[in-house]
Amino acid sequence: EVIPCRYDDAGNFSEGLAIVELDGEYVYIDKTGKEVITCRYDYYVNLFDEASDYDFSEGLAKVSLDGLYGYIDKTGKEVIECSYDKAGVFCEGLAYVSLDGKYGYIDKSGKEVIPCKYDDAYDFSEGLAMVKLDGKYGYIDKSGKEVTPCRYDDADDFSEDLAKVKLDGKYGYIDKSGKEVIPCK
C-alpha cells in the first residue's frame, strides 16, 4: 500500500495526479500521496459529472465553482476562468464548452476557436468531433469545418478511422471524409 486508504473518495491517476476527497475537502495528490493542489472548487455538483471528468488531460483539469466550469494547471492556478455552463476535458488540444445552452470549442489559452452554436458537442477523436445540431449528428474538424453534415439520427466517435452512424432506423459506418463505407442497412 503506497498511499494509505484514508480517503472518502478518490479518482484515478492522470498525468501523475489524482483527485481525492477527505472530510468533504478535495485535493490533488501525487503518486507518493503528497497533497500538491488544495482545491477551492466544487466537485461532483452535476449528476452528469464523473470523477474522471476532473482528471488532468493535456496539462489541464476541469474544475467547477458555483456551478460554472473552468480549468486549472498542475500548480493549481486557474488558467481558464470558471465561466462556462458545461465543459469537457481537453482532447487533441481542444475542449468543448457550453454557454447559454449552445456548445463550441476552446483551446488551452481559453480562446473560443469554434463558436458556441451546436446543441451538443463531444470530445475530439482521431481529428474529428461529433456535434449535434437541430436533433441531428455530424462531424467537424479542428477548424470548425463541417466534414460530415449534421444529418444522422445517432452517431459515435471515430474508432479505427470509422464511425457508426444511424439513419432512418438503420446503422452503418462512415469514413473521415463522410463517405458511407458500410451503408446504413
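Look up: the structure comes first, before these words.
In what follows, the accompanying structure is described. What you see is a predicted model; the values in this text were computed from it and never measured. (Residues numbered from 1 in each chain as written. Predicted model: local features only at pLDDT ≥ 70, side-chain atom pairs only at ≥ 80, totals over all residues. Heavy atoms only, no water.)

### Side note on the sheet that holds strand E9 (residues 86-87)
Rules: Should DSSP find at least two bridges between two strands, the strands are taken to pair. Helix and strand labels come from DSSP, where a helix needs a run of H or I of at least four residues and a strand needs a run of E of at least two; each type is numbered from the N terminus.
An order of E9-E10-E11-E12 is seen for the four strands of this open sheet, with the pairing classed as antiparallel. The strands lining the two open edges of the sheet, one partner per strand, are E9 and strand E12 (112-118). Pairing geometry for strand E10 (residues 95-99) and strand E11 (residues 102-106), over five bridges, is antiparallel. Bridge assignment links alanine 95 to a residue of E11, and that residue is isoleucine 106.

### Describing the sheet that holds strand E6 (residues 60-65)
Taking strand neighbours across the sheet as the criterion, the four strands line up as E5-E6-E7-E8 in an open arrangement whose pairing is antiparallel. Single-partner strands in this sheet number two, and they are strand E5 (56-57) and strand E8 (78-84).

### Remarks on the pattern of salt bridges
Between side chains of opposite charge, a pair can form as their charged atoms come close. As a reminder of what qualifies: For this analysis, a salt bridge means a side-chain nitrogen from Lys or Arg found within 4 Å of a carboxyl oxygen belonging to Asp or Glu. Burial here depends on accessible area, computed with a 1.4 Å probe over protein chains only, as a share of the maximum for the residue type. Under 20% is buried, over 50% is exposed, and the range in between is partly exposed.
Enumeration over the complete set of coordinates arrives at 10 salt bridges. Here lysine 142 makes a salt bridge to glutamate 92, at a shortest N to O gap of 3.5 Å. Here the residue lysine 142 occupies a position in the loop between strand E15 (136-140) and strand E16 (146-152), and glutamate 92 occupies one in the loop between E9 and E10, the gap between them amounting to 50 residues. Note on lysine 142: relative accessible area 37%, which makes it partly exposed.

### Some points on a nonpolar patch on the surface
Selection rule: Patches were defined on residues exceeding 30% relative accessible area and lacking a salt bridge, with like-charge contacts within 9 Å and nonpolar side-chain contacts (Val, Leu, Ile, Met, Phe, Trp, Tyr) within 5 Å. Accessible surface area values rest on a Shrake-Rupley calculation with a 1.4 Å probe, where residue burial reflects the displayed protein chains alone.
On the surface, Tyr173, Val181 and Ile182 cluster together to form a nonpolar patch covering roughly 230 Å² of accessible area. Relative to the elements of secondary structure, isoleucine 182 occurs in strand E20 (residues 180-182).

### Brief notes about the packing of aromatic side chains
Using the following cut-off: Side-chain rings of Phe, Tyr and Trp, where Trp is taken by its six-membered ring, are said to pair if the distance between their centres is within 6.5 Å; with planes under 30 degrees apart they count as stacked, over 60 as edge-to-face, and otherwise as tilted.
Inspection of the entire model under this criterion finds six aromatic pairs. Seen from their ring centres, tyrosine 28 and phenylalanine 56 are 5.1 Å apart, and the 65 degrees between their planes marks the pair as edge-to-face. Of this pair, tyrosine 28 sits in strand E3 (residues 25-29) while phenylalanine 56 sits in strand E5, and the two are 28 residues apart along the sequence. The buried category is assigned to tyrosine 28, whose relative accessible area is 1%. Centroid distance tyrosine 96 to tyrosine 103: 6.0 Å. Interplanar angle 55 degrees. Geometry classified as tilted. Grouping residues by exposure puts tyrosine 96 and tyrosine 103 together as buried.

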